[in-house]
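In case you want the letters, here they are:
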Amino acid sequence: MPDSFPKRVTLLGSTGSIGTQALDVIRSQPGKFTVTALSAHSNADLLIQQAQEFRPAAVVIGDESKYETVKAALASQPETEVLAGAAALADVAGRDDADVVLTAMVGYAGLLPTVRAIRAGKTIALANKETLVVAGQLITELVKEHGVGLYPVDSEHSAIFQCLIGEEQNPIEKIILTASGGPFRGRNRAQLAQVTKAQALKHPNWDMGAKITIDSASLMNKGLEVIEAKWLFGLRNDQIEVVVHPQSIIHSLVQFEDGSLKAQLGLPDMKLPIQYALGYPQRLANAFPRFSFLDYPQLTFEQADTSAFRNLALAFEAMGRAGNAPCILNAANEIAVAAFLRDEIGFLEMSDVVETSLARVSYLAAPSLDDYVETDRETRRIAQELVGLS
Ligand code: NDP
Ligand code: MG
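Residues numbered from 1 in each chain as written. Chains lettered and ligands numbered in written order. Predicted model: local features only at pLDDT ≥ 70, side-chain atom pairs only at ≥ 80, totals over all residues. Heavy atoms only, no water.

Going by an unreviewed UniProt entry, the chain carries the name 1-deoxy-D-xylulose 5-phosphate reductoisomerase and comes from Hymenobacter wooponensis. Regarding the chain, the relevant UniProt record gives this comment under Sequence similarities (unreviewed entry): "Belongs to the DXR family." Under the UniProt heading Pathway (unreviewed entry), the note attached to the chain is "Isoprenoid biosynthesis; isopentenyl diphosphate biosynthesis via DXP pathway; isopentenyl diphosphate from 1-deoxy-D-xylulose 5-phosphate: step 1/6." (UniProt positions renumbered as here; feature names shortened; annotations may be inferred.)

Here it is as C-alpha cells:
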C-alpha cells in the first residue's frame with residue numbers, strides 16, 4: 001500500500017536544497033520512512049555521507065568520473081549498490097523496492113527519470129517543476145494511464161493541492177499563485193540592467209539552489225509554476241493568475257464558482273510541503289516553527305510587473321502556444337541562467353535568449369517524448385549560440 005507507513009523513498013537529487021531538507025524531514029520522523037536510493041550529480045562527498053547515514057539499497061552519482069571515489073568510500077557497505085550516469089539514474093527511479101520517488105534534481109534532467117518512475121507505478125512527490133513545464137501533457141497522461149499519485153512539493157502547488165481536498169465535486173473558477181517578487185521587486189528595466197549575480201543569488205525569503213534562485217529573481221520561476229499548475233490541476237490558461245505577495249505567508253489560493261477563496265498559509269519553509277507530499281494523505285506531527293499573525297501585522301499584495309520582468313510574460317506566451325513551446329522556454333532558460341551564473345550575459349539578456357529561442361526553434365503542436373528530447377537538444381544549441389553572440 002503506497003499510503004501506509006513506513007514508506008520506502010527514493011530521493012533523486014538528495015544533495016540539493018530540497019534533497020537535504022527531505023532528509024531532515026525523514027530524520028525527524030523515525031519509523032515513517034526508509035530510504036531506498038539517493039542520487040547526486042557531482043557532490044560525491046555529501047552523497048557518501050548520506051549513504052553512510054541512511055544505508056540505501058542504491059546510490060547514483062551522475063558524474064561518472066566520480067564513480068570510483070563513491071564506490072571505494074562505500075566498500076564496507078555491501079548492501080548499497082553504487083551506480084553512475086544518467087541511464088542509471090532513470091533505472092533507479094523505477095526500482096521495485098520503493099513506494100515514493102521524490103524528484104528533487106534540477107532542470108530538464110528530471111524528465112526521463114520521472115517518466116520511468118511513473119511507468120513503474122511509483123507515487124511521485126514532484127519538486128522538479130521543469131518536468132511538468134517541458135512535457136506536462138505527456139506526464140499527466142502517463143500518470144492517468146498508470147494510476148499513480150503525483151503530489152506537488154512546490155509550496156504554491158502544495159497550497160492549492162491542500163485547498164482542493166474535500167472539494168472533488170466543486171469546479172475551480174481560478175487559482176491565484178503568490179510570488180514573493182524576489183530581490184528586485186519594484187525595479188525598472190534600467191535598474192535591472194545593472195544588477196549583479198551576487199545580488200540575484202540573495203533571495204529575501206527562501207534559501208534554494210542557484211538555478212531556482214535566479215529564476216525567482218527574474219520571475220521565470222513564477223512562469224514555470226504557472227505552467228506546472230496548469231497540468232497539476234487541469235486548468236485552462238485563463239484560470240491562472242499571479243499576485244505578488246512579498247511576505248510569502250499565503251502560499252497560494254483557489255477560488256471556487258461561488259466566489260469563495262481558500263488559501264493555505266505558513267512560514268516560508270519547504271520542509272512542510274516536502275513532508276506533506278511524502279506523508280500524503282496523512283499530516284504528520286512535527287516541531288517546525290509556527291506562524292503567528294502578530295509577527296506579520298501586514299500581508300501585502302501587488303501586481304507583477306511583466307514589462308520589467310519579461311520572463312513571466314514569455315512563460316504565459318509559451319503556455320498559450322502549447323506544443324513544444326514550454327520545452328523551448330525551459331531549455332533556453334536553463335542555458336541563459338547558466339550563462340548569467342558564469343557572468344557571460346547580463347540579467348535582462350536572459351529574457352532575450354528565451355524570446356529569440358522561442359522564435360527560432362521549430363514549433364511542434366503535438367510532440368512525442370522523443371520530440372521533447374530533440375527540442376531540448378536543438379534549443380540548447382541555439383540558445384548557446386545566442387549567448388556566444390552577446
Ligand atoms: P539544487 O541545485 O540545490 O539541487 C539539485 C540537485 O540535483 C542536487 O542533488 C544536484 O546534485 C542534482 N543535479 C544537478 N544537476 C543534475 C543533473 N544534470 N542530473 C541529475 N541530478 C542533477 O536545487 P534545488 O533543491 O533548489 O531544486 C531542485 C528542484 O526542486 C528544482 O526543479 C526546483 O525548481 C525545485 N524546487 C526547489 C525549491 C527550493 O526551495 N529549493 C522550491 C520549489 C521547487 P549535486 O549536488 O551533486 O550538484
Ligand atoms: Mg514555488
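On we go from here.
Novice: Explanation requested: the pairing of strand β10 (residues 250-256) in the structure shown.
Specialist: On any regular strand, side chains alternate: one points to one face of the sheet, the next to the other face. For β10, the buried fraction is high: 7 of the 7 residues fall into the buried class. Relative to β10, strand β8 (residues 172-179) runs antiparallel, the two being bridged by 5 bridges. By the bridge assignment for β10, Ile175 is matched with Val254. In the sheet, β10 pairs with strand β11 (residues 261-265) via 5 bridges, with the strands oriented antiparallel. Along β11, the bridge assignment pairs Ile250 with Leu265. Once β10 ends, the chain turns through 4 residues before running back antiparallel as β11, passing Gly259 with a positive phi of about 90°. (Buried < 20%, exposed > 50% of the residue type's maximum accessible area, 1.4 Å probe, protein only. Helix = DSSP H or I, 4+ residues; strand = E, 2+ residues; numbered from the N terminus. Pairing = 2+ DSSP bridges.)

Novice: Just to check I follow, could you spell out the site of ligand 1 for this structure?
Specialist: As a structural note, the neighbourhood of ligand 1 is formed by 24 residues, with Thr15, Ser42, Asn43, Glu130 and Gly209 the closest of them. Val106 is positioned such that a nitrogen or oxygen atom in its backbone is 3.5 Å from an oxygen atom of ligand 1. Within the complex, the protein chains bury 85% of what would otherwise be the 890 Å² of accessible surface of ligand 1. The set of elements that each furnish at least two residues to the shell around ligand 1 consists of α1 (17-27) and α6 (129-146). The class makeup of the residues in the shell around ligand 1 is 11 nonpolar, 10 polar and 3 charged. (Near = heavy atom within 4 Å. Polar contact = N/O pair within 3.5 Å; in protein donor to acceptor, adjacent residues only side chain to side chain. Areas by Shrake-Rupley, 256 points an atom, 1.4 Å probe, with all protein chains shown as cover. Nonpolar A, V, L, I, M, F, W, Y, C, P; charged D, E, K, R; others polar.)

Novice: What should I look at first to understand the coordination of the magnesium ion (ligand 2) in this one?
Specialist: Octahedral six-donor coordination of a metal ideally yields angles of 90 or 180 degrees, compared with 109.5 degrees for tetrahedral four-donor coordination. Looking at the metal site, the magnesium ion (ligand 2) is ligated by Asp154 (OD), Glu156 (OE) and Glu225 (OE), spaced 2.1 to 2.2 Å from it. The sequence motif formed by the donor residues of the magnesium ion (ligand 2) is D-x1-E-x68-E. Of this pair, Glu156 sits in helix α7 (residues 155-163) while Glu225 sits in helix α11 (residues 220-233); the two residues are 69 residues apart in sequence, bridging distant segments of the chain. An identical accessibility class is assigned to Glu156 and Glu225; each is buried. (Donors = N, O, S within 2.8 Å, 3.2 Å for Na, K, Ca; no water.)

Novice: Would you take a moment to explain the UniProt feature "binding site: 1-deoxy-D-xylulose 5-phosphate" (unreviewed entry) in the chain for this structure?
Specialist: In this structure's numbering, the residues bearing the UniProt feature "binding site: 1-deoxy-D-xylulose 5-phosphate" (unreviewed entry) are Lys129, Ser155, Glu156, Ser180, His203, Ser216, Asn221, Lys222 and Glu225. If you take the residues mentioned a moment ago, the ones lining the largest cavity come down to Ser155. Structurally, the position occupied by Lys222 is in helix α11. With relative accessibility at 5%, the residue Lys222 sits in the buried group. With residues up to four places along the chain from it excluded, the contact list for Lys222 reads Glu156, Leu177, Thr178, Ala179, Val242 and Leu312. Within the local environment of Lys222, its side chain forms a polar contact with the side chain of Glu156, the two groups lying 2.8 Å apart. Looking at Glu225, the relative accessible area reads 1%, which means it is buried. Residues within four places of Glu225 in sequence aside, it is in contact with Lys129, Asp154, Glu156, His157 and Leu177. Within the local environment of Glu225, its side chain forms a polar contact with the side chain of Lys129, the two groups lying 2.9 Å apart. (1 Å grid on protein atoms, 1.4 Å probe; cavity = no way out; pocket = protein on both sides within 12 Å on 5 of 7 lines; lining within 4 Å. Contact = heavy atoms within 4.5 Å.)

Novice: Is there a simple way to explain the sheet that holds β11 in this structure?
Specialist: Where strands meet in a sheet, backbone hydrogen bonds hold them as pairs that are either parallel or antiparallel. Reading across the sheet, the 4 strands line up as β9-β8-β10-β11 and stay open at both edges, with mixed pairing between neighbours. Edge strands, defined here as strands with exactly one partner in the open sheet, are β9 (240-244) and β11. Each adjacent strand pair in this sheet contributes to an overall mean axis angle of 20°, direction not counted. Contacting β8, β10 and β11, α7 crosses the sheet at an angle of about 40° to β10. (Axes fitted to C-alpha atoms, helices over the stretch in contact; angles between N-to-C directions.)

Novice: Where do I start with the pairing of strand β4 (residues 81-84) in this structure?
Specialist: Bridge analysis of strand β3 (residues 58-61) against β4 gives 4 bridges, and the strand direction is parallel. Each residue of the ladder has a partner; that of Ala58, found in β4, is Glu81. For the handedness criterion, the β-α-β arrangement of β3, helix α3 (residues 67-73) and β4 is classed as right-handed. (Right-handed = clockwise from strand over helix to strand, strands pointing away.)

Novice: Which parts of the structure should I look at to understand empty space enclosed by the protein?
Specialist: Which parts of space are left empty comes out when a probe the size of a water molecule is rolled across the atoms. Taken as a whole and assessed by the stated rule, the structure comprises 3 cavities of 30 Å³ or more. Its volume calculated, the largest cavity comes out at about 70 Å³. Residue lining of the largest cavity: Ser155, Ser158, Ala159, Gln162, Trp206, His251, Gln264, Leu267, Asp269, Leu272 and Pro273, and that is the complete set. At the level of elements, α7 and α12 (271-279) are the ones that each hand at least two residues to the lining of the largest cavity. Here the lining of the largest cavity is composed, by residue class, of 5 nonpolar, 5 polar and 1 charged. (Points joined across faces, edges and corners; volume = space filled by probe spheres on them.)

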